[in-house]
Amino acid sequence: MEQLQTLRGMVDLLPEATARWQWLEATARNHFRRACVSEIRTPLLEATELFARGIGEGTDVVGKEMYSFSDRGDRFCTLRPEGTASVVRAAIQHGLLSQGPQKLWYSGAMFRYERPQGGRQRQFHQIGLECLGFSDPRSDVEAIAIAWDLLDALGLGQLQLELNSLGSREDRQAYRSALVGWLEQRQDQLDPDSQQRLSTNPLRILDSKNPQTQELLQEAPNLEQALSEDSRNRYEQVKSGLSALGIPFVCNPRLVRGLDYYGHTAFEITSDALGAQATVCGGGRYDGLVEQLGGPATGCIGWAMGLERLMLLLGEGIGLSNTPNAVVVSQGKTAEALAVQVARRLRKMNQSVELDLSGSGFGKQLKRAGKSGARWAVLIGEEEAERGVLQLKDLQNGESQALNLETLEKDWPSS
Ligand code: ATP
Ligand code: MG
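Here goes a summary of the coordinates provided. No experiment lies behind these values; they were computed from the predicted model shown.

Cut-offs and rules
Residues numbered from 1 in each chain as written. Chains lettered and ligands numbered in written order. Predicted model: local features only at pLDDT ≥ 70, side-chain atom pairs only at ≥ 80, totals over all residues. Heavy atoms only, no water. Core = buried A, V, L, I, M, F, W, Y, C linked by side-chain atoms within 4.5 Å. Buried < 20%, exposed > 50% of the residue type's maximum accessible area, 1.4 Å probe, protein only. Helix = DSSP H or I, 4+ residues; strand = E, 2+ residues; numbered from the N terminus. Contact = heavy atoms within 4.5 Å. Near = heavy atom within 4 Å. Polar contact = N/O pair within 3.5 Å; in protein donor to acceptor, adjacent residues only side chain to side chain. Areas by Shrake-Rupley, 256 points an atom, 1.4 Å probe, with all protein chains shown as cover. Nonpolar A, V, L, I, M, F, W, Y, C, P; charged D, E, K, R; others polar. Pairing = 2+ DSSP bridges. Axes fitted to C-alpha atoms, helices over the stretch in contact; angles between N-to-C directions.

## Overview of the nonpolar core
And step 1. Core analysis: the biggest nonpolar cluster contains 44 residues, and Val-88, Leu-132, Leu-179, Leu-183 and Tyr-286 have the highest contact counts within it.
And step 2. For this core, the leading source of residues is helix α4 (residues 84-93), giving five residues.
And step 3. When residues no more than four places from it in sequence are discounted, the contact partners of Tyr-286 are Thr-84, Val-88, Glu-130, Cys-131, Leu-132, Tyr-261, Tyr-262, Cys-300, Ile-301 and Gly-302.
And step 4. Within the second largest apolar cluster, 42 residues are counted, among which are Phe-32, Ala-143, Trp-303 and Leu-310.

The following block contains the structure:
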């Protein structure tokens, strides 16, 4: 029979990898706890309209990457391609914003129908931060610092922070028409993707990966010069805030995020070690989104990191340990029954305990226990089981001692 396989772009995480993932997630969770950011969990499946309205029809994500279908009740549904729109929907739906500003984080699977390659999958995972109800430039600095410090806590060096300001809506409108006017005269020199974006999402052309288009753009009207004085001041405050924290950055006036609702600060954190899929973290301000989804005008900044790309950067040997503290080995009917109980009691004491269920001889079981890396082997033989004792063997120095079953919890070594 033909073997069934994962769908293209979908990836299994096997036990060796999950240990690393758990460490990564635990590090992030701790990091957010210290920054007083609360976790939010939203459904994987949302109304398609949320993303059409929240991300924008002109984007690649909505235009060609979404997993959308109608369910059995003829509702148009989409597997979430990103987290921000859902978090904002939830905040509006549950009135969180009337309780004051919210700093929220999420982690989970996202779905985009893209061409799979290294660091790019169809189901992938993001950790994200969303700060809702913050307009001060200091919130931009804090959000970026939280990302930067998380990457530092993960031991990732050699990262580059690229920064830009997309200005206010008015700045962008003025710049957009200048850019479109300029590009229309050179339309034949643009790559096909960029030609299409000219009518759908012209600012994204700045971000084109096509070398010829990039060459052409050298001479194009400059976004930085299109910024109003207020926008420019705001940008300066973000830059000096980052400098005061010692967070290095480079300004990249071509950096525009793919999503429509970004304005003012936009940033990306990239790594040279990742090849073509270099961006580990992308984010920025999205002051227009809450209103666009039916809520009150609300200043917001956020970012998202791709966990698969973080995994590619993590050093070897990092991960939560799967090594047991103790292995329980037993032989004989009474002993085997007792072994199950002993393992359970030790686990209640917060020990990680492997119970050998193989039924093989003592020697073999002990050998495996030695290989497991465990500190202790608990040996239960038939005759001992009947007397209510067990042997505790220190696998580091080979010494054994007898423990009385009745006082197991009390007598269990503290280290
Ligand atoms: P890219 O330019 O790499 O497609 P993007 O601008 O589409 O990124 P965002 O929507 O800002 O990315 O998502 C934030 C982060 O999520 C990215 O920086 C990346 O680390 C990760 N990411 C995005 N799409 C994928 C994917 N298909 N597979 C794995 N990671 C992804
Ligand atoms: Mg993308």
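## Here's the deal with the site of ligand 1
And step 1. Arg-112, Glu-114, Arg-120, Gln-121 and Arg-257 are the nearest of the 14 residues found near ligand 1.
And step 2. Here an oxygen atom of ligand 1 and a backbone polar atom of Thr-279 are 2.9 Å apart.
And step 3. Contact distances for ligand 1 include 3.4 Å between an oxygen atom and a backbone N or O atom of Val-280.
And step 4. Compared with its free state, where it exposes 580 Å², ligand 1 has 90% of that area covered by protein.
And step 5. Of all the secondary-structure elements, those providing two or more residues to the shell around ligand 1 are β6 (123-132), β10 (279-285) and β11 (300-306).
And step 6. Among the elements that take part in the shell around ligand 1, β10 stands out by supplying three residues, more than any other.
And step 7. For the shell around ligand 1, a count of residues per class yields four nonpolar, five polar and five charged.

## Section: unusual backbone geometry
And step 1. Phi at Cys-36 takes a positive value of approximately 55 degrees, unusual for a residue other than glycine.
And step 2. Take Cys-36: it is sitting in the loop between α1 (15-34) and β1 (38-39).
And step 3. Non-glycine residue Asn-350 carries a positive phi angle of around 75 degrees.
And step 4. In this fold, Asn-350 is placed in the loop between α12 (333-348) and β13 (353-355).

## Brief notes about the sheet that holds strand β3 (residues 67-70)
And step 1. Strands sit in the order β2-β4-β3 across an open sheet of three strands; the sheet is antiparallel. With one partner strand each, in any of the chains shown, β2 (45-47) and β3 form the two edges of the open sheet. Between one strand axis and the next, the sheet turns by 35 degrees as a mean value, whatever way the strands run.
And step 2. Relative to strand β4 (residues 76-79), β2 runs antiparallel, the two being bridged by three bridges. Across the sheet, Glu-46 pairs through a bridge with Thr-78, a residue of β4.

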